[in-house]
Amino acid sequence: MRMLLFSKETLSSFQNVLKKLSIMNVTLPSVSIGRRCAAMLCLLLVTLAARAYFDVDGVRYEVINERKALVEVAAGITYAGDIVIPDTVSNGGKDYSVVSVADEAFICCSELLSVQLPATLTTIGSHAFNWCSRLADIVLPEGLASIGEYSFCYCDSLAAVTLPAGLSTIGENAFSWSGLKAVEIPEGNVAVGNYAFSHCARLTEITLPDGMSAIGDYVFGWCSALPTVSLPEGLSAIGGMAFCNCTSLTSVLFPSTLQTIGRSAFHGCSSLQSVTIPASVTTIGTSAFSGCSAITSVTCEGFVPPVCQGAIFDAAIYRDVPLSVAYGSGDAYRAATGWSNFAIVDDPSALLTLPSEQPTVVYDLNGRALPAADTTLGIYVVNGRKVLVR
């Protein structure tokens, strides 16, 4: 029987085709095989490869599940202008649903202006629109669940995008260095990757949902136009360098649920004027507010000083700015690492007074609920903050 010997390069090419088709359990022989078998194998590979990719109206697609008739927008073409991707495309008399955009599908398409995505789309792969510097218009469909890492990184012209309600994952650096002016994270348990919106120099507004439990590392770092931040109730942790070098940031409102402020979280926020740490905070990372040279007011509302994992302010702030603390807690702060370098003020006039529209329930310092009408002279907890009744 006449034999054919496949070269290593040929075998590797065949194997790559099979991998593209998700046939991962096939091992091609590295020894000679019969001529007829080789011809049949070549015919099979050519047929499968032909079915794997096809172009419709200038857009390339790859079959990712033949049985379910699913395709994704594939890499391999340089796109320009306005691109429309339909919900379904046809090839060889068969209709396929478009469910994803592949990794790097539109990477470095510098003349791409707009993309209309299909309602059937659930996934945008990593680097999918990376370096599309003129992309200005893209609407994310409601069924989209995942945005991959670096998907819209360096999209300088992308000023606005609406994140859909069904979104569950925003990958690392997904919108970093983009032209976004506003960000609204949808309700629900959305996982936001590190650096997701970092270096967005035009970003002036962020809206985060109540119940969001954590902000990761560097997520809004270097957003130099961001003026104010109001963090939602339910938030318990702010990651390292989460808002570092936001040089226009003048104020931050922390929620009563916050427990941890990460290392260098607000480092380099040179316009920040005041810091009020809620009573709920237990740990503050080193250099959390270093480089915040404009601070003129620091207040800690908790009776127990938060644990500082090193110096959290610059030496000039410790020297020149007094620390206001809850009345009666001054000695605890004077003995605490990270706070003892301040001139500490625990004057009762620094405490809040009970609001005129009294809540139904307040708490004493032992955590016992009391009707507001039963409060006498003393200190209580209302809405997570200590107040003075006098």
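Keep in mind that what you see is a predicted model, and the values were worked out from it rather than measured.

Engineer: Quick question: what am I supposed to make of the sheet that holds strand β24 (residues 297-300) here?
Structural biologist: Sheets are built from strands paired through backbone hydrogen bonds, the pairs being either parallel or antiparallel. If you walk across this open sheet you meet the four strands as β22-β24-β26-β27, and the pairing is parallel. In the strand order of this sheet, the two ends are held by β22 (274-277) and β27 (344-345), each with one partner.

Engineer: I would appreciate a short explanation of the pattern of salt bridges in the present structure.
Structural biologist: When the charged atoms of two side chains lie near each other, side chains of opposite charge can form a pair. One pass over the full model with this rule turns up five salt bridges. Here R60 ties to D55 by a salt bridge, and the two come within 2.9 Å at their closest N and O atoms. On the basis of relative accessibility, which here comes to 25%, the residue R60 falls in the partly exposed class. For R319, the salt bridge goes to D320, with nearest N and O atoms at 2.9 Å.

Engineer: What is the right way to look at the sheet that holds strand β11 (residues 137-139) in this model?
Structural biologist: With respect to topology, three strands assemble into an open sheet ordered β6-β9-β11, the strand pairing being parallel. The open sheet is flanked by β6 (80-84) and β11, the only strands paired with a single partner. Strand-to-strand twist across the sheet, computed as the mean angle between neighbouring axes with direction ignored, equals 20°. Of the pairings in the sheet, the one linking β6 to strand β9 (residues 111-116) comprises five bridges and is parallel in character. Within the sheet, the bridge partner assigned to I83 lies in β9 and is V115.

Engineer: Just to check I follow, could you spell out the nonpolar core for this structure?
Structural biologist: Generally speaking, nonpolar side chains in soluble globular proteins are found buried as a group. Judged by nonpolar contacts, the single largest core of 96 residues is most densely connected at F129, F197, F243 and F289. Discounting residues that sit within four places of it in the chain, F129 has contacts with V101, F106, L112, V115, L117, I124, L135, I138, S151, F152, C153 and C155.

Engineer: Quick question: what am I supposed to make of the state of the cysteines here?
Structural biologist: Formally, a disulfide is one covalent bond, and it connects the sulfur atom of one cysteine to the sulfur atom of another. Throughout the structure, instances matching the rule amount to zero disulfides. In this structure C108 is not part of a disulfide, and its nearest cysteine sulfur, from C132, lies 7.5 Å away. Looking at the unpaired C308, the closest cysteine sulfur is the one in C300, lying at 7.6 Å.

Engineer: Honestly, the packing of aromatic side chains in this entry has me stumped. Any pointers?
Structural biologist: The geometry of two aromatic rings is summed up by the distance between their centres and the angle between their planes. What the rule picks out here adds up to 22 aromatic pairs. Geometrically, the ring pair formed by F197 and F220 is stacked, given 5.7 Å between the ring centres and 10° between the ring planes. Placement of F197 in the loop between β15 (191-192) and β16 (205-207) and of F220 in the loop between β17 (214-215) and β18 (228-230) is noted, with a sequence separation of 23 residues between them. Both residues of the pair, F197 and F220, belong to the buried class. Ring geometry for Y318 against F342: centres 4.8 Å apart, planes inclined by 55°, an arrangement best described as tilted. Note that Y318 is positioned in helix α3 (residues 315-320) and F342 in the loop between α4 (330-334) and β27, a separation of 24 residues in sequence. No difference in accessibility class separates Y318 from F342, as the two residues are buried.

Engineer: In this structure, what is going on with the side chain of S290? I would like to understand it.
Structural biologist: Relative to the helices and strands, S290 resides in the loop between β23 (283-284) and β24. Residue class for S290 comes out buried when judged on its relative accessible area of 9%. Ignoring sequence-local partners within four residues, the contact set of S290 consists of F266, H267, G268, I312 and D314.

Engineer: Quick question: what am I supposed to make of unusual backbone geometry here?
Structural biologist: Negative phi characterises most residues that are not glycine, and trans characterises most peptide bonds. Notably, A69 is not glycine yet its phi reads approximately 60°, a positive angle. Note on placement: A69 falls in the loop between β4 (59-65) and β5 (70-73). What makes A69 buried here is its relative accessible area of 12%. Of note, the phi angle at H127 is positive, near 60°, even though the residue is not glycine. Turning to its location among the elements, H127 is positioned in the loop between β10 (123-124) and β11.

Reading the values: the criteria
Just so you know, the residues in each chain are numbered from 1, in the order the chain's sequence is written. For a predicted model such as this one, the threshold for reporting local features is a pLDDT of at least 70, and the threshold for listing and counting side-chain atom pairs is 80 or more; totals across whole chains, interfaces and linings nevertheless cover every residue. Computation of side-chain values covers all heavy atoms of the structure but excludes hydrogens and water. When DSSP finds at least two bridges between two strands, those strands are taken to pair. In this text, helices come from DSSP runs of H or I with a minimum length of four residues, and strands from runs of E with a minimum of two, each type numbered from the N-terminal end. In the sections that follow, a salt bridge refers to a side-chain nitrogen of Lys or Arg positioned within 4 Å of a carboxyl oxygen of Asp or Glu. Relative accessibility decides the category of a residue: with a 1.4 Å probe and only protein chains considered, values under 20% of the type maximum give buried, values over 50% give exposed, and everything between is partly exposed. For helices, the fitted axis covers only the stretch in contact; all axes are lines through C-alpha atoms, and the angles between them, taken along N-to-C directions, range from 0 to 180 degrees. Side-chain atoms within 4.5 Å link the members of a nonpolar core, which is a set of buried Ala, Val, Leu, Ile, Met, Phe, Trp, Tyr and Cys residues. Contacts were defined at the residue level, with two residues in contact if any of their heavy atoms lie within 4.5 Å. Note on disulfides: each one is a pair of cysteine sulfur atoms within 2.5 Å. For Phe, Tyr and Trp, where Trp contributes only its six-membered ring, two rings pair if their centres lie within 6.5 Å, and the inter-plane angle classes them as stacked under 30 degrees, edge-to-face over 60, or tilted in between.

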